[in-house]
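The primary structure of each chain is shown beneath.
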Amino acid sequence: MNKRKPLILTATMLLVLALVLAACSSSKGKEQNAADSAQPAAATADTKTDGSEGGAAVQGGTLSYALATSPDTLDPHRSGLAVAVRVLRTIYDSLVVQLPDNSIKPWLATSWTVSDDGKSYTFKLRQDVKFQDGTPFNAEAVKYSYDRILDPATKAANAVALLAPYESSEIIDDYTIKLNLSTPSRAFLGNLSQALLGIVSPTAAKKDGDQFGLNPVGTGPFKFVKWEQNAEIQVERNPDYNWAPETVENKGAPYLDGITFKIIPEEATRIGSVQSGQVLAAETVPPQNIVALKDDKKTQLLQANTVGLPYTLFFNEERPPWNEAKARQAVQLAIDVDSIVKTLYLGTYDRAWSPLTPGTFGYDPSLENSVKPDLTKANALLDELGWVKGADGIREKDGKKLTIHYVDGTPNREKRNDIAVIIQQQLKAIGISVEVEITKDVRTVVFTNGAYDLYGNSQVNSDPNALYSFYHTAKPNGTPTLPRLSDPDVDKLLEQGLVETDDTKRAEIYKQIQHYIIDQAVVLPIYVFPYTVAADRSVQGIVFDTLGYPIFNSASIKK
Amino acid sequence: MREAVTASTVWRRGGRARFATLRLRRLAAADSFLIGAGIMIAFIIACAAVPSLIAPYSPTAMLTDSIMQAPSRAHLFGTDYFGRDIFSVVVYGSRDSLFIGFASVLVGGLAGGAVGALAGYAGGWVDSVLMRCNDILMTIPGILLALAIASALGKGLFNIVLAVAVSSIPGYARIMRAQIISIKGRTFIAASRSVGAKPLHIFWKHVLPNALSPLLVMATIGVGTAILTGSGLSFLGLGVLREIPDWGTLLSQGRGYLTVAWWICTFPGVAITLFVLAVNIVGDRLRDNLDPKKNTKG
Amino acid sequence: MAGVLARRLFSSLLVIIGSLILVFAILYVLPGDPTDTIIDPSVATPEVVANLRHQLGVDQPFYIQFARYFGDMIRGDFGQSLMNSEPVLGKILDHFPATLALTAASSFVAVSIGLVLGVLSAVHRNRPIDLIARIVGLFGISMPTFWSGILLIVLLSLKLGWFPAMGSDGWKTLVLPAITLGTVGAGFIVRMVRSSMLDIIDEHFILTLRSKGLSERAVMYKHALRNALIPAITMIGMLIGEMLAGTVVIETVFSRQGIGRIISDALMAKDLPVVQGVIFFSAFVYVIVNTLVDLSYTFIDPRVRRSA
């Protein structure tokens, strides 16, 4: 007992040290945080009202916008997370922009031509653009940006895949650039519109090297101010901005003085902070809150469906018995997707019917309602294959139980684990036992070992060519695809789709592919993910780009 | 040799001594909580042993037409977002929760106790080496160690147990070592050594039995701590997904519904809290009774 | 004395190195690698992944990677985050004050609640107040912190609007997380204060004082409480480790910055340099604290002070 006394000294010393350090840190915090703590951010100085009827945008104010997770980096070429794109889009512009009808329109490029062989694109660039650090935007900057992605030292991630099959650029003159591809690709222009292929300031990128992601500079409507890890990212109005694309109403500088992206991982806190006025907007509203928000007078809900591949469960076609179409069809008939979507998402998510989402070019609406749950037929199919129900209600054949090894790679993002839980119960009804494995190590489990019968994934993409990397036979030594499908007919169609220049014909090709995939039950499409934002009623003008990312150029805060 | 009594005699003797000195009124008040805690633990163990007798519904039955229903006569604790009866899920969920609690204490307590006993009794360089290893484990906060181990081993009930167990080893080892060292120094040990008893014999017959009581207290409370650590892992995304989830998983997966359907996470949370509380009450009482100093005090 | 100090420092060094090796080994056998987080496996070609692995240095064998981190660390270079190349040391120093503030505030809450409840329960020994105080104290230890934290957020922030629900600027953001974490510590302190006060009350000198005619109240508060404060404050020293660990969960619940948040994120992403840096840092703090404690035993003989 008497050994304790000296400990008090230590403990007290520690406590004092802690308090001193804490005091330092909180005073540092205060100076940076005048605008936005608990008070809604609207009250900022230079507010001019142009026409108070609510239609015209109000100048000024800082929008606090809660993100669900933290971006990994603000270097577009190195980032791999969708959450980063929401911030990246405010800082960087792209050469072109994609419209909701999937046409491609000018942005930093004013016009372009494609060579007859489809292997080179010549862009004319805007001449009035400059980066936020004053560096002029020109052909040199474009070449630098794209070559930077190919440079291994950049440690580029998803951008490399998006940029393929880009090979090199030739600067024709200051404002004309020719991009050379190794093979033609109809997806290339669409990809150039994505934020991950945004144009970075060569001066800043060269100066900061691999620290560029912490000091990002682009040509976008907002300038980077600071990033407090795990807390917030601030961007401020770029007063020189004057080159917004067609998709944006406000062509000039943004109305907002700035945006503070706050990182709030807890769902209840994130949404609750909007309702209690601690932030003005919050992303990724869980379905149960969407329903509750509909009756909320103070809060509005903004929503945009994402495009590309919906959340889809991929069968592993290499693992018997799921290599047989009949076995897969039995599962397709036994799973009541409507009930899953209704139960878990309470009618706030759309059910997916096709391997593509409705907004994507070539989507085939005729697939809608093409599959209906039918347990009798499902049972009959399994009976036909010789799987007989055993004592425990699980089917067996040659002493082997009929099981599905269901792998999910996320900690219940978008309630994906819950889908597995329901499917487990639904398939029990036709005598299939489902083992669920939640793993972080998707690369090993799924791609290297192929140890799965069902695996779920989705992808935001601007072009139906996204199907290529999922359904085309994998290269002999390449990464296997998720369904591990190898069908010469599908391969041929996918190859044609990539190069077909006639849009009608191209759409037809993708419709054939979608039909094949659903008819053969290669995959089970589940839901289309809507990007949702809960915002205070005073927030106006947040719109979404074609891929479902928020655009803040025209956003404003009504007094 | 008179002091060489087993833990259970200490317990009985202490209990009797207390009883004698307590006034009856106070005893009744104090023990009502102990009795309450005992009933709670017994009930929860019954849930784990024979859930089908207690739960009115199957824990996996999804009544999709009555999801997120508030508590009612039909569903005592309401229904969750799958349409499962929460009371039934909580009753069945006690199995995995108790397994996490007891198994990790068993593994961690045995391993930690063994390390501590060896270090304390052997002394010298064995002690130094083992305690430095223990220090290494102690420098890494328990939940982080559990987090690292759980993500290294992958998800699975036993991996969670192992992760929680390993992170609890240093605590047990320290207590055990301190206890062994203090007993080693007592006169009766020297006495039995002087009459020629073998060290191993002394250890088993005299040292270990006397050193066990603090470990026992720690282990009792450790069952609760293990369940809490396990739920913390679920919260950090490293829980297990089993057909019938444990309380920690239920609580962490239901927490997003707190503002729209409070009952989904509240009841699993209450179950955890009540069980851990009960275990702590019992542990506290054990501690009071096993503390030799307290034998004559109230 | 110098010899004791040197031996102590040497063994501390061993412990730090040991914990670095241990964490490194655990992370090494951890499935997957950092590229999983920064590149979508379904779009990554094997060449891109291989290049990325090479650039990040994670394609090297265990001992080479470790030797490299360790070598750099000795030279004061804690490396850069694999995710965004942020220097690790800067990152830790940026985030440490927030964690320290939280730990200090939680200790304050823990001691305040713990003392009040502990004294109440000792003074009213075995009466209903005692039992209620003990049960209230035990509640703190018995609730999962992420749950009590969320309950506090919903109640005191979202519904009543008294305190902000998240962030780490200013004292207001500290209130809710400190209560959440502090109530855990309070449970332990109640226990400690109660039993040490009872010890002292029953000790001889109190009996003597009482026989001298001091009122029971004066005995309780003047002597027993003062003596019970010592173990309570001592307890904080032991609880600081617990609380630092608690920040891993609390900082996520309350969207605060801090060391706990960094390391759990880094563990998930397998961001080795960051994990190593934080572990080194926390091992360092731990060892320093313990060495100070042990040394103070040697320098100040407690018996001397006791007899005074």
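Here the structure is a predicted model, which means the values were calculated and not measured.

Draft legend 1. Summary view of the environment of Ala141 of chain A. Its location among the elements puts Ala141 of chain A in helix H3 (residues 139-150). Sequence separation between Ala141 of chain A and Tyr175 of chain A is 34 residues; the distance between their C-alpha atoms is 10.0 Å.

Draft legend 2. Layout of the interface of chain B and chain A. The interface of chain B with chain A comprises 20 residues on the first partner and 23 residues on the second. Here chain B packs against chain A, burying approximately 1,900 Å² in sum over the two surfaces, 61% of which is carbon and sulfur. Considering only the side of chain B, the residues that lose the most area to chain A are Phe82, Leu241 and Glu243 of chain B, jointly responsible for 28% of the buried surface there. If you look at where chain B meets chain A, you find two salt bridges. For Glu266 of chain A, the salt bridge identified is with Arg255 of chain B, shortest N-O distance 2.8 Å. On inspection of chain B and its partner chain A, the count reaches five residue pairs in polar contact (both at pLDDT 80 or more).

Draft legend 3. Looking closely at the pairing of strand E22 (residues 530-536) of chain A. All names here are of chain A. With seven of seven residues buried, E22 is to be regarded as a mostly interior element. Residues Pro530, Thr532, Ala534 and Asp536 of E22 are buried on one face, and the alternating residues Tyr531, Val533 and Ala535, pointing to the opposite face, are buried as well. Pairing geometry for strand E11 (residues 281-283) and E22, over three bridges, is antiparallel. Looking across to E22, one finds that Glu283 is bridged to Val533. Bridging between strand E12 (residues 299-305) and E22 involves seven bridges; their strand directions are antiparallel. The residue of E22 that forms the bridge with Ala304 is Tyr531.

Draft legend 4. Representation of the UniProt feature "domain: Solute-binding protein family" (unreviewed entry) in chain A within the structure. UniProt tags residues 104-476 of chain A as "domain: Solute-binding protein family" (unreviewed entry). The span residues 104-476 of chain A is 27% helical and 25% strand by assignment, and the distance between its end C-alpha atoms comes to 34 Å.

Draft legend 5. How the structure looks around the pattern of salt bridges. All names here are of chain A. Per the counting criterion, the structure on display carries 34 salt bridges over all chains. As a salt-bridge pair, Lys298 and Asp536 come within 3.7 Å of each other at their nearest N and O atoms. Of this pair, Lys298 sits in the loop between helix H8 (287-293) and E12 while Asp536 sits in strand E22, and the two are 238 residues apart along the sequence. Through salt bridges that share partners, Lys226, Glu228, Glu232 and Lys262 make up one connected network.

About the criteria used
Residues numbered from 1 in each chain as written. Chains lettered and ligands numbered in written order. Predicted model: local features only at pLDDT ≥ 70, side-chain atom pairs only at ≥ 80, totals over all residues. Heavy atoms only, no water. Helix = DSSP H or I, 4+ residues; strand = E, 2+ residues; numbered from the N terminus. Contact = heavy atoms within 4.5 Å. Buried area = accessible area lost by both parts, 1.4 Å probe. Salt bridge = Lys/Arg side-chain N within 4 Å of Asp/Glu carboxyl O. Polar contact = N/O pair within 3.5 Å; in protein donor to acceptor, adjacent residues only side chain to side chain. Buried < 20%, exposed > 50% of the residue type's maximum accessible area, 1.4 Å probe, protein only. Pairing = 2+ DSSP bridges. UniProt positions renumbered as here; feature names shortened; annotations may be inferred.

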